[in-house]
Amino acid sequence: MPPAVTAITLATVRIDLHTHSTASDGTDSPAQVLERAAAAAIDVVALTDHDSIAGWEEAAAAVEPTGVVLVRGAEVSASAGGIPVHILSYLHDPADRALAQLLEHTRTMRVRRGRAMVEGLARDFPITWEAVVALAGDAQTVGRPHMADALVAAGVFPDRDAAFVRVLHTSGPYHLPLEAPHPRDVVTAIRAAGGVPVMAHPLAAKRGRVVGDDVIADLVDHGLAALEAFHRDHDPAAVVHARRLAARLGIPVTGASDYHGAGKPNRLGENLTTEAVFEALVGQGRIEVLRPSAG
Ligand code: AMP
Ligand code: ZN
Ligand code: FE
Ligand code: FE
């Protein structure tokens with residue numbers, strides 16, 4: 001006789017708290033990010049475009065048709081003595097003037113840095129600033145992925161990754177750092193706007209230099225709420241380090257995909273955040289999580 005089948009309820013809520021859309025350097029529109037999330041059986045998504053909340057409205061309108069719960073967020077650029085740091089902001093008040101101005105200023109600095117980088121690239125490759133801007137489309141946040149797109153469109157490289165590996169990486173001769181506020185000031189501005197600041201990929205050494213534990217401890221003193229420990233740019237040792245550091249500092253860890261559509265191999269839901277951590281974090285935010293009506 002076959003063994004009796006035991007019904008096991010897998011009530012796990014799948015939560016992905018870091019994604020990008022065409023509002024910055026992703027390749028899916030904000031609505032498409034939610035549609036793909038639904039298709040990937042993700043229950044909760046945070047839209048976290050670089051230095052912009054331009055995708056919030058479209059994403060919000062997609063909550064009801066897709067049934068995906070939306071956390072409105074952003075990934076805010078910072079720089080600690082030249083080392084780039086990314087601080088995710090969840091559920092901040094979009095009307096907060098200081099944070100809105102900080103984001104706008106960084107977008108302006110991105111254009112300045114982008115123009116200068118393209119000037120250098122144009123000496124060796126068929127690339128123009130106009131082409132980069134055209135490929136950025138609606139995005140007010142211009143970045144290296146759009147420069148990669150211009151090089152791909154010109155036939156220089158087959159895809160974004162090849163462009164990064166060959167010319168756009170941080171140690172290459174064409175790279176210029178983005179001028180951005182210190183992460184301490186970013187964390188403070190996010191908290192003042194009612195947002196929940198979480199450090200993205202804190203130990204992603206393959207992207208370049210990362211800040212020391214002392215810097216992260218100082219950020220926690222200024223209100224940092226969690227560390228994104230589970231991220232594809234962390235090797236197993238980095239995950240262990242991030243978890244130990246977070247435990248020592250008394251903050252939780254998150255996991256997320258950093259999905260960019262077709263622009264990167266990251267798949268929605270490849271790393272997830274637990275429901276308990278999600279609830280603890282969103283409970284600190286000033287604006288509401290957008291949920292589809294029941295049924
Ligand atoms: P930027 O903000 O202009 O310095 O550009 C950094 C962005 O490039 C980040 O959003 C990364 O996700 C993206 N990026 C980094 N490496 C790659 C890669 N190999 N392929 C595609 N995108 C990448
Ligand atoms: Zn990006
Ligand atoms: Fe990032
Ligand atoms: Fe990101």
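In this text the structure is predicted, and so the values were computed from the model without any measurement.

Which residues make up the pattern of salt bridges, and what values do they have?
Counted under the stated rule, the structure contains seven salt bridges. For Lys206, the salt bridge identified is with Asp233, shortest N-O distance 3.9 Å. Here Lys206 is found in the loop between strand S5 (196-199) and helix H9 (213-221), whereas its partner Asp233 is found in the loop between strand S6 (226-230) and helix H10 (236-249), with 27 residues between them in sequence. When its relative accessible area of 63% is taken as the criterion, Lys206 is described as exposed. According to the relative accessible area criterion, Asp233 is buried, its value standing at 11%.

Go over the coordination of the iron ion (ligand 4), please, and point to the residues and values.
All of the protein donors around the iron ion (ligand 4) are His18 (NE2), His20 (NE2), Glu75 (OE) and Asp258 (OD); their distances to the metal are 2.1 to 2.2 Å. For the iron ion (ligand 4), the four donor atoms in the first shell make angles of 77 to 163° at the metal, a pattern classed as irregular. Each donor residue of the iron ion (ligand 4) lies on one chain, and together they are spaced H-x1-H-x54-E-x182-D.

With reference to specific residues and values, describe the packing of aromatic side chains.
Taken as a whole and assessed by the stated rule, the structure comprises two aromatic pairs. Between the aromatic rings of Phe125 and Phe157, the centroid separation amounts to 6.1 Å while the plane-to-plane angle is 50°, which identifies the pairing as tilted. Remark: Phe157 occurs in the loop between helix H6 (144-153) and helix H7 (160-168) and Phe125 occurs in the loop between helix H4 (97-122) and helix H5 (129-136); sequence separation between them is 32 residues. Taking relative accessible area as the criterion, Phe125 reaches 18% and is therefore assigned buried. Since its relative accessible area comes to 8%, Phe157 is described here as buried. Taking 5.7 Å as the distance between ring centres and 65° as the angle between the ring planes, the aromatic pair formed by Phe125 and Tyr174 counts as edge-to-face. Note that Phe125 is positioned in the loop between H4 and H5 and Tyr174 in the loop between H7 and helix H8 (183-192), a separation of 49 residues in sequence. Residue classification places Tyr174 among the buried residues on the basis of a relative accessible area of 16%. Here a set of aromatic residues connected by ring pairs shows up, and it is made of Phe125, Phe157 and Tyr174.

Break down the coordination of the iron ion (ligand 3) for me, with residues and values.
Coordination of the iron ion (ligand 3) by the protein involves Glu75 (OE), His86 (ND1) and His201 (NE2), with metal-donor separations of 2.0 to 2.2 Å. For the iron ion (ligand 3), the donor residues sit on a single chain with the sequence spacing E-x10-H-x114-H. In this structure, the iron ion (ligand 3) is positioned 5.9 Å from the zinc ion (ligand 2). Taken together, the positions of His86 in strand S4 (residues 83-90) and His201 in the loop between S5 and H9 put the pair 115 residues apart, joining distant regions of the chain. The class for His86 is buried, based on a relative accessible area of 16%. Under the relative-accessibility criterion, His201 is labelled buried at 9%.

Go over the pairing of S5, please, and point to the residues and values.
Residues Val196 and Val198 point to one face of S5 and Pro197 and Met199 to the other, with burial holding for every one of them. Pairing geometry for S4 and S5, over four bridges, is antiparallel. Along S5, the bridge assignment pairs Leu88 with Val198. The sheet contact formed by S5 and S6 spans two bridges and is parallel. From the neighbouring strand, Val198 faces S6, where its bridge partner is Ala226. Traced from S5 through H9 to S6, the parallel crossover comes out right-handed.

Please give an account of the nonpolar core that cites residues and values.
Ile87, Met199, Ile216, Leu224 and Leu227 are the most contacted members of the largest nonpolar core, which totals 31 residues. Elements with a contribution of two residues or more to this core: strand S3 (69-80), S4, H4, H8, H9, S6 and H10. Considering each element in turn, this core owes the most residues, five residues, to H10. When near neighbours in sequence (up to four residues on either side) are disregarded, Leu224 contacts Ile87, Val187, Arg191, Pro197, Val198, Met199, Ile216, Leu219 and Ile251.

If you had to explain the pairing of S6 to someone new, which residues and values would you point to?
The element S6 is extensively covered by neighbouring structure, given that four of its five residues are classed as buried. Summarising the sheet, S6 and strand S7 (residues 253-255) pair through three bridges and their orientation is parallel. When the sheet's bridge partners are listed, Glu228 is paired in S7 with Thr254. Each parallel crossover has a hand, and for S6 linked through H10 to S7 it is right-handed.

Calculation criteria
- Residues numbered from 1 in each chain as written.
- Chains lettered and ligands numbered in written order.
- Predicted model: local features only at pLDDT ≥ 70, side-chain atom pairs only at ≥ 80, totals over all residues.
- Heavy atoms only, no water.
- Salt bridge = Lys/Arg side-chain N within 4 Å of Asp/Glu carboxyl O.
- Helix = DSSP H or I, 4+ residues; strand = E, 2+ residues; numbered from the N terminus.
- Buried < 20%, exposed > 50% of the residue type's maximum accessible area, 1.4 Å probe, protein only.
- Donors = N, O, S within 2.8 Å, 3.2 Å for Na, K, Ca; no water.
- Tetrahedral: all angles 85-135°; square planar, octahedral: opposite > 155°, others 65-115°.
- Phe/Tyr/Trp six-rings, centres within 6.5 Å; stacked < 30°, edge-to-face > 60°.
- Pairing = 2+ DSSP bridges.
- Right-handed = clockwise from strand over helix to strand, strands pointing away.
- Core = buried A, V, L, I, M, F, W, Y, C linked by side-chain atoms within 4.5 Å.
- Contact = heavy atoms within 4.5 Å.

Coordinates in, geometry out; function isn't part of it.
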